[in-house]
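What follows is each chain in one-letter form.
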Amino acid sequence: MKERIWVRSGVVEIIDKRQEQNLELVLGKIRFYYSELYQTKNRYKHPLSLKSLMKLTNRSGSQVLNAVRILANTVLKGEKKPAITYDRICSERNSTHRPYRIFLRQK
């Protein structure tokens, strides 16, 4: 089991084996998207969304969202910044629709 430290509060959370595998899968698919797919075709011209990440990982929305929140707000011992970041912006057509945009953090 690994320990992840929440960035702003410093709370240490112990991640079990299943959660750690899910986090590795999600982070691997995010890296794959930005290294192999991003801006190669017209449909990949946008930043990674939660729905696209769900399709890449073949996981439910709650599992993927939980993994994204953990990866964006926690670090392993020895790391200074989280591996990913995300934001939510208002849609152009419907301002109440706020899709997630998931990014890899620059090293």
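Relevant structure appears above.
Please read all numbers here as calculations on a predicted model, not as lab measurements. (Residues numbered from 1 in each chain as written. Predicted model: local features only at pLDDT ≥ 70, side-chain atom pairs only at ≥ 80, totals over all residues. Heavy atoms only, no water.)

## Description of the pairing of strand β2 (residues 12-15)
A regular strand places its side chains so that they alternate between the two faces of the sheet. With four bridges connecting them, strand β1 (residues 2-6) and β2 associate as antiparallel partners. Bridge assignment links Lys2 to a residue of β2, and that residue is Ile15. Remark: five residues form the turn of the hairpin made by β1 and β2, two consecutive strands paired antiparallel; Gly10 in that turn has positive phi of roughly 80°. (Pairing = 2+ DSSP bridges. Helix = DSSP H or I, 4+ residues; strand = E, 2+ residues; numbered from the N terminus.)

## Structural notes on the nonpolar core
In globular proteins that are soluble, nonpolar side chains generally tend to be buried together. Val26, Ile30, Leu48, Leu53, Val68, Ile84 and Ile102 are the most contacted members of the largest nonpolar core, which has 22 residues in total. Residues in contact with Ile30, not counting those within four places in the same chain, are Leu48, Leu53, Ile84, Ile102 and Leu104. (Core = buried A, V, L, I, M, F, W, Y, C linked by side-chain atoms within 4.5 Å. Buried < 20%, exposed > 50% of the residue type's maximum accessible area, 1.4 Å probe, protein only. Contact = heavy atoms within 4.5 Å.)

## Structural notes on the packing of helix α1 (residues 17-37) against helix α2 (residues 50-57)
Orientation of α1 relative to α2, taken along the N-to-C sense of each, is 105°, at an axis distance of 10 Å. By the angle class used here, α1 and α2 are roughly perpendicular. Residues Leu25, Val26, Lys29, Ile30, Tyr33 and Leu37 of α1 pack against Leu53, Leu56 and Thr57 of α2. Its residues assigned to classes, the contact of α1 with α2 shows seven nonpolar, one polar and one charged. (Axes fitted to C-alpha atoms, helices over the stretch in contact; angles between N-to-C directions. Parallel < 35°, antiparallel > 145°, perpendicular 65-115°, else oblique. Nonpolar A, V, L, I, M, F, W, Y, C, P; charged D, E, K, R; others polar.)

## A short note on the packing of α1 against helix α3 (residues 61-73)
Packed helices, taken two at a time, are described by the angle their axes make and the gap between the axes. One can describe the packing of α1 onto α3 by two numbers: an axis separation of 9 Å at closest approach and a directional angle of 85°. In this view, α1 runs roughly perpendicular relative to α3, as classed from their interaxial angle. Between α1, through Asn22, Leu23, Val26 and Leu27, and α3, the contact on the second element is made entirely by Gln63, Ala67, Val68, Ile70 and Leu71. Per-class residue counts for the contact of α1 with α3 are seven nonpolar, two polar and no charged.

## Examining α2
Burial in α2 covers these residues: Leu50, Leu53 and Thr57. The buried residues of α2 occupy an angular sector of 60° when the element is viewed end-on, so they sit on one face. Facing away from the buried side of α2 by over 90 degrees, the exposed positions are Lys51 and Lys55. In this structure, the buried residues of α2 make contact with α1, α3 and β5 (100-104). Positive phi appears at Asn58, one or two residues downstream of α2, with a value of about 60°. (Arc of directions from axis to C-beta.)

## Focus: the packing of aromatic side chains
Scanning the entire structure with this criterion turns up five aromatic pairs. The interplanar angle of 45° and the centroid separation of 5.4 Å between the aromatic rings of Tyr86 and Tyr100 together place this pair among those described as tilted. Taken as a pair, Tyr86 in strand β4 (residues 84-88) and Tyr100 in strand β5 lie far apart in primary sequence, 14 residues in all. Clustering of aromatic rings is evident, with ring pairs tying together Tyr33, Tyr34, Tyr38 and Tyr44. Note that Lys29 overlies the ring of Phe32, its terminal NZ or CZ placed 5.9 Å from the centroid. (Phe/Tyr/Trp six-rings, centres within 6.5 Å; stacked < 30°, edge-to-face > 60°. Lys NZ or Arg CZ within 6 Å of the ring centre and 35° of its normal.)

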